[in-house]
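Coordinate analysis (summary)
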Amino acid sequence: MFKKPLKHMATRNKKGVDPMLILGKAVDMSISMRGGDFPLGAMPMKIQRIVREANDCYGYPVDYLAGAMLVALGLGIGNTHFARLKGKWDESAILFMALVGRPGACKSHPLNFAIRPFSDIDGVNNSAFQKELAEYNRQCELPMKERTVAHPIMPVNKRFLISDATPEAMMLIHSHNLRGICMWNDELAGWFKNFNRYNKGSDEEYWLKLYNANPIFSDRKGAKDSVYIGRPFVSVVGTIQNGILNELAQGSRSSNGFIDRLLFVIANNQDKQAWSDKEPSFDIEASWAEIIGKLVDMPYKTDEDGKVIPTILGFSPEAKTRLYQWQRENTEDCNREENDALKGVFSKFDFHAIRFCLIIQMARWACSEADKTEIDLVSVENAISLVDYFKATATRVQGIIKDLSLSELQRAVIAALPEEFTTEQGVEIATANSMAERTFKDFVKRFTGIHFQKVRHGVYAKL
């Protein structure tokens, strides 16, 4: 089970221990008792109430709902606000997230709840688009002198959500909503399994560019259909089953850093839950829609080309000091990590941390719990809590992936090893199970951080 490192427990500002952080720790302890590991205390109080009510009344696992809400909050922010650490280093609220669990683990319902405000908005926009399209077609069929508009302009369908689209079609949709869009797949496997289905290029590299918000060119049938987006905002969220995780790591996706950018949510308790006859004490759907609506309705400026001009949020001095301190700690974790896969994952949390800071600060503003003039210390501490959680789930996912690829011999050796063992003991047990000494030592080295943990020199423990 995920546990917060003690070094993050005693945060102080100039006035002493922040009461919101103390309350957050208490909330996290309560969630752990419910079988969840997600640091719900990092979220604003209004969102905490919604998540707890949904968990009590509908059985939605806290981890899945709160995780999906992070993506939804980021989409609500879109390109309107960036977090700036220094110079021109700006991070937006883009997140790539996978809700991981066995079949029947109640992943889809929480995801749908979190995304519903945007699907409702898209539904309203689509109805308006259909009416405008019908009028456009009617005007085009009329003789010129009978038209109310001499040269009618074809309407566009402004959307936040897409589910299955070619990269070219997705960029066209994005060009109609430069604020930001989200790839929403109930079964995320359909997303990465379709990579390179429509072209011979590398879709992994394409999505890496989107994660980094690098400029995107999309040429369709000709120059008149070309699309250029200088600062794309495309988030990704969906569900995936444990047994398919190894397919996510196949091909170049492990070596090019693609999988390192994915955030994984795993509920600790994935057992099917009995129905509860408890009714919600308030309208949680409306409360959540109100929070998202406040973000979506934020006014923003655009340039002459319609590009969104973002508001830049800097960090307060104490918030920046704390973030730099955390980054040094994360760097030490990366340098100590012996598993190359986890080393790559941990290094990407430098970027995730800043994005979490932005999302939490803006979410607190949307819940009337903070302003949005700058990112403060509370948001940084809460972002660090989220990083700790996602580092733990990344380790679990790497373990699942490696476990799925283990041979029968490797499984047998792991099963035969005691919880803690010396290299000499391990070699003896491995040899008894027909694994050569050199093979065993390579096995332990390759899976340290996934199946094994180095206790001290020559001594290991099973994870």
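Notes on the structure in this doc start here. (Residues numbered from 1 in each chain as written. Predicted model: local features only at pLDDT ≥ 70, side-chain atom pairs only at ≥ 80, totals over all residues. Heavy atoms only, no water.)

In this section: the pairing of strand 3 (residues 81-86). As paired strands, strand 3 and strand 14 (residues 311-315) are joined by three bridges and run parallel to one another. Residue Ala83 lies in a different strand from strand 14, and its bridge partner there is Leu313. Of the strand pairs in this sheet, strand 3 and strand 4 (residues 89-91) are connected by three bridges, and their pairing is antiparallel. Paired with Lys86 across the two strands is Trp89, which belongs to strand 4. Once strand 3 ends, the chain turns through two residues before running back antiparallel as strand 4, passing Gly87 with a positive phi of about 50°. (Pairing = 2+ DSSP bridges. Helix = DSSP H or I, 4+ residues; strand = E, 2+ residues; numbered from the N terminus.)

For the rest of this paragraph, the subject is the packing of helix 3 (residues 62-77) against helix 9 (residues 284-296). Direction vectors running N to C along helix 3 and helix 9 enclose 30°, while the axes themselves pass 7 Å from each other. With respect to helix 9, the axis of helix 3 lies roughly parallel. Between helix 3 and helix 9 the crossing geometry is right-handed. Where helix 3 abuts helix 9, its residues Met69, Ala72, Leu73, Gly76 and Ile77 lie against Trp288, Ile291, Ile292, Leu295 and Val296. Tallied by class, residues from the contact of helix 3 with helix 9 come to nine nonpolar, one polar and no charged. (Axes fitted to C-alpha atoms, helices over the stretch in contact; angles between N-to-C directions. Parallel < 35°, antiparallel > 145°, perpendicular 65-115°, else oblique. Left-handed = near helix turned anticlockwise from the far one by under 90°. Contact = heavy atoms within 4.5 Å. Nonpolar A, V, L, I, M, F, W, Y, C, P; charged D, E, K, R; others polar.)

Moving on, we get to the pattern of salt bridges. Pairing between side chains of opposite charge can happen when the charged atoms of each approach one another. What the rule picks out here adds up to twelve salt bridges. The shortest N-O distance in the salt bridge between Arg355 and Glu91 comes to 2.8 Å. Taken together, the residues span a long stretch of sequence, with Arg355 in helix 11 (residues 340-366) and Glu91 in strand 4 at a distance of 264 residues. Arg355 gets classed as buried once you look at its relative accessible area, which sits at 3%. Where Arg336 meets Glu332, a salt bridge forms, and the shortest distance between an N and an O atom there is 4.0 Å. Note that Arg336 and Glu332 are positioned in helix 10 (residues 317-336) at a spacing of four residues, about one turn of the helix. The class of Arg336 is exposed, set by a relative accessible area of 54%. (Salt bridge = Lys/Arg side-chain N within 4 Å of Asp/Glu carboxyl O. Buried < 20%, exposed > 50% of the residue type's maximum accessible area, 1.4 Å probe, protein only.)

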